[in-house]
Amino acid sequence: MNLMAYRDQALFADLRQRMVPRIEAKAETLGRKLRLMEVCGTHTVSFAKTGVKQSLAESVELISGPGCPVCVTDQTDIDQMIAYARLPGTIIATFGDMMKVPGSTTSLYKERAAGADVRVVYSPTQALAIARANPERRVIFLGVGFETTAPSVALSIRQAKREGLTNYLVYSAHKLTPPALQALVEDPAHQLDGFLLPGHVSVIIGRQGWHLLESLNQPAVIGGFEPVDLLVSVYRIVQEMERSERSVINGYPRIVQEEGNRVAQALLAEVFTIADTPWRGFGALPASGLAIAPAYQAFDAKAALAVEPPPTRLSKGCRCGEVVKGKESPLQCALFGKACTPENPLGPCMVSTEGACSIYFAFAGGTA
Amino acid sequence: MRILLAHGDGGALTHQLVTKLFRPAFADAALEAEGDSALLASQTGQMAVTTDSFVIDPLEFPGGDIGSLAVTGTVNDLAVSGAVPAYLTVGFIVEEGLELECLRRIVTSMAQTARAAGVRIVAGDTKVVEKGKGDGLFINTTGIGWVPESGRLGIGLIQPGDRVVINGPIAEHAVAVLSGRAGLQFAEPVQSDCAPLNRLIHAMLEQFRTIRFMRDPTRGGVATTLKEIALQTGFDIALEEALLPVRPVIRGALELLGLEPYYLANEGKVLIIVGPEEADRLVDFLRQQDQAMAGLIGQVTIGTGNLWLQTPFGGRRNLSLMAGAPLPRIC
Amino acid sequence: MCLAVPAKVLEVDLALSTARVDYLGSQITVGTALLEAVRPGQYVLVHVGEAIAVIDEEHAHEGIALWKEWAKEL
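Everything quoted here is computed from the prediction, not taken from an experiment. (Residues numbered from 1 in each chain as written. Chains lettered and ligands numbered in written order. Predicted model: local features only at pLDDT ≥ 70, side-chain atom pairs only at ≥ 80, totals over all residues.)

A.B. asks: Any chance you could explain the overall build of chain A here in plain terms?
C.D. replies: Per the secondary structure count, chain A includes 17 helices and 11 strands. Taken against the 2.2 N^0.38 rule, which gives 21 Å for 368 residues, the C-alpha radius of gyration of chain A at 21 Å falls within 12% of a compact globule. Put simply, chain A has 368 residues, and 57% of those count as buried. Within chain A, residue pairs in contact and separated by at least 24 positions form 76% of the contacts whose partners lie at least 6 positions apart. (Helix = DSSP H or I, 4+ residues; strand = E, 2+ residues; numbered from the N terminus. Rg over C-alpha atoms; globule rule 2.2 N^0.38 Å. Buried ≥ 20, exposed ≤ 12 C-beta atoms within 10 Å, placed from the backbone. Contact = placed C-beta atoms within 7 Å.)

A.B. asks: Is there a simple way to think about the sheet that holds strand 9 (residues 249–250) of chain A in this case?
C.D. replies: For sheets, the rule is that strands pair by backbone hydrogen bonds, running either parallel or antiparallel. All names here are of chain A. Taking strand neighbours across the sheet as the criterion, the five strands line up as 2-1-7-8-9 in an open arrangement whose pairing is parallel. What marks the edges here is a single partner per strand, and that holds for strand 2 (60–64) and strand 9. The pairing of strand 8 (residues 220–223) with strand 9 spans two bridges and is classified as parallel. Looking across to strand 9, one finds that valine 221 is bridged to isoleucine 249. Where helix 2 (residues 41–50) meets the sheet, its contacts fall on strand 1 (34–38), strand 2 and strand 7 (194–198), and the angle it forms with strand 1 comes to roughly 125°. (Pairing = 2+ DSSP bridges. Axes fitted to C-alpha atoms, helices over the stretch in contact; angles between N-to-C directions.)

A.B. asks: Would you mind showing me how to read the interface of chain C and chain A here?
C.D. replies: Interfaces are often sized by the amount of accessible area the parts lose when they come together. Taken together, the 29 residues of chain C in the interface contact 38 residues of chain A. At the level of secondary structure, the elements contributing two or more residues to the side of chain C that touches chain A comprise strand 4 (43–47), strand 5 (50–54) and helix 1 (57–73) of chain C. Looking at the side of chain C that touches chain A, its residues break down into 19 nonpolar, five polar and five charged. (Nonpolar A, V, L, I, M, F, W, Y, C, P; charged D, E, K, R; others polar.)

A.B. asks: Would you mind going over the interface of chain B and chain A with me for this structure?
C.D. replies: Every contact between the two is made by 18 residues of chain B and, on the other side, 32 residues of chain A. A total of three residues in the side of chain B that touches chain A trace back to one element, the largest contributor, which is strand 14 (residues 316–319) of chain B. Here the residues of the side of chain B that touches chain A are counted per class, giving nine nonpolar, six polar and three charged.

A.B. asks: Sorry if this is basic, but what is going on with the sheet that holds strand 11 (residues 271–274) of chain B here?
C.D. replies: Residues and elements named next belong to chain B. The seven strands are arranged 9-11-7-12-10-13-14 in an open sheet whose pairing can be described as mixed. Among the strands making up the open sheet, the edge pair consists of strand 9 (211–215) and strand 14. Taken pair by pair, the neighbouring strands of this sheet meet at an average axis angle of 25°, ignoring direction. In the sheet, strand 7 (residues 163–166) pairs with strand 11 via four bridges, with the strands oriented antiparallel. Its bridge partner being in strand 11, isoleucine 166 is matched across the sheet by leucine 271.

A.B. asks: Got a minute to help me understand the environment of lysine 53 of chain A in this structure?
C.D. replies: Residue and element names in this part refer to chain A. As for its placement among the helices and strands, lysine 53 is situated in helix 3 (residues 52–56). For lysine 53, a count of 26 C-beta atoms within 10 Å corresponds to the buried category. Measuring from C-alpha to C-alpha, the distance between lysine 53 and glycine 67 comes to 17 Å, with 14 residues separating the pair along the chain.

Here you go:
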């Protein structure tokens with residue numbers, strides 16, 4: 001199967017030639033640039049990397065949404081996770097994304113240098129393997145990520161229960177995407193013309209997972225990540241803008257189904273319960289997070305371990321909270337590129353490869 | 001049999017290690033002389049000296065081991081400076097408990113690599129540290145070479161318009177080393193590119209007068225090496241992503257792990273800054289020297305020390321120095 | 001927000017709920033417990049070591065064919 005066709009340069013060039021004028025015409029009719037939000041951080045990266053963003057810059061303002069897991073994780077959660085690293089007899093297992101995120105006073109990187117046992121894993125399965133191999137020590141897996149990632153973490157928890165492991169814990173900071181989008185749509189200050197919805201979250205929740213957004217009649221397209229996908233998705237959002245009755249368009253049907261991944265949904269419902277959760281920038285959003293269900297409480301780091309984290313302190317002047325909501329551009333932050341750089345990040349938006357600040361920093365002249 | 005603390009105490013076991021393992025493997029008159037120093041013939045011209053310490057997990061990986069790496073790394077550092085490598089010294093810091101057989105394989109591989117590169121290993125030292133205080137084995141190598149034509153190469157000779165050429169595909173070493181840990185297997189061979197480049201570089205320098213500067217993109221990868229050059233010269237360097245040689249199998253591994261090739265280590269690659277008039281001929285020459293994927297990857301322009309990566313879809317990305325080790329990520 | 005890779009299934013281990021998959025010649029073992037069914041030859045989307053979807057080949061072909069045609073027509 002030639003999935004690489006979605007990276008085909010010739011097809012991309014043909015489509016660009018034909019689609020961009022139509023998108024520009026729409027902007028001309030409105031008398032301003034179109035304001036479209038790409039919710040997913042991987043989309044933000046793909047737009048900048050492929051140059052699709054620059055191709056559209058005349059007529060489309062792409063606004064990064066709350067789709068970088070590390071960036072939307074609340075500072076209290078980050079501080080708590082880092083505080084676990086100091087517990088004796090403890091191994092922290094984490095995705096690489098978390099390593100450099102600055103807590104209020106320290107980071108996992110610094111804790112590792114100070115002697116903490118912090119291990120980067122590719123998958124929750126590997127974290128579980130570390131727990132099996134170290135029965136005398138406690139392994140805490142740091143669960144960050146959205147609907148895409150949470151089922152794999154849920155699998156590791158269920159497996160730990162089946163095996164009777166008593167030294168595997170998960171700190172769940174997992175989040176649900178639709179509630180954050182709903183909060184954005186309902187914020188009148190936003191004036192967004194449409195949404196590019198995250199393709200891989202939609203794999204799990206399905207097209208139908210966006211029913212709330214649909215009921216708000218927003219132009220919205222679920223899109224893939226290859227250059228052809230990106231261009232076509234923007235074009236289809238513009239087409240949707242023309243309609244008065246809108247439905248969420250599945251522009252990624254090779255991977256996303258109407259009902260999503262039912263096995264994963266059932267597993268999430270078994271292992272987690274939906275909870276109110278704090279987000280960076282948004283504050284507490286109702287029913288927007290995944291807490292570990294009572295039946296799996298033995299694996300819940302929050303329930304099993306009380307560790308006093310240091311008092312939470314945000315970097316002075318850091319605008320990450322506004323950036324994740326798409327309310328401010330990184331360029332509006334006084335720290336950007338001066339006190340705050342990828343080498344010395346002050347907020348998570350500069351740390352994560354898909355944080356808006358690090359992407360603005362990496363791509364030509366802040367036009368990314 | 002395993003290495004004991006006594007193998008490093010200067011007594012009978014140390015003597016045994018030297019006479020039974022190191023000396024026969026390295027087979028050099030300077031070692032046979034058993035002096036406290038190697039007494040060596042001098043050569044004319046500028047002397048080049050470099051030192052490097054090697055720390056790697058695992059010690060043995062597809063396509064090489066810490067021993068071949070230690071020789072290669074130091075030989076290549078001399079060669080890219082325009083020197084002809086002549087002598088190496090080697091210091092081993094062994095962790096108590098290392099399999100003697102493993103040490104033997106590594107020493108043998110060092111000796112073979114040195115012979116292939118035409119350099120002599122003329123002095124050595126061994127220490128043993130307690131179990132838990134070392135990662136199996138650390139090696140330090142110091143290299144000495146002579147520069148036949150001083151002033152021939154220098155970062156100050158780089159001019160806007162110069163081209164950037166590389167001798168083959170990138171990120172091969174890093175993926176070979178990572179593959180075991182990450183549980184990766186491959187449909188085609190993936191090996192470290194670990195190889196001494198001194199003969200190749202010597203041949204290039206003889207034929208191409210406009211080579212201005214060379215550097216081997218080891219730790220930090222192509223991006224960090226070129227960014228350093230950009231910062232030091234104050235010029236920009238523009239790379240074409242589509243021209244950067246990366247084998248599909250390597251690209252596949254990196255996408256699976258969430259890593260990018262630009263910051264990953266190479267151990268048999270050289271970046272060459274060459275005048276535009278000779279760039280194409282240099283690429284042809286490299287390809288004839290068994291470097292099939294050699295290519296022109298970018299050029300130097302007037303600028304302010306930026307390293308740009310031009311994507312095939314019209315985007316442009318500013319590559320920084322590597323910030324910390326590359327970590328696999330989920331997003 | 002979520003890097004994922006479309007990989008081809010080489011072999012399936014039903015007992016362990018794992019599969020060996022290939023992406024551009026690199027092969028890795030992934031979990032399949034999140035899929036209802038999977039068989040060798042299919043493509044799956046891999047994220048953090050788990051297959052999270054079976055890729056619909058027909059849609060993949062159709063998608064490209066549609067846009068190729070559209071690009072030509074205009």
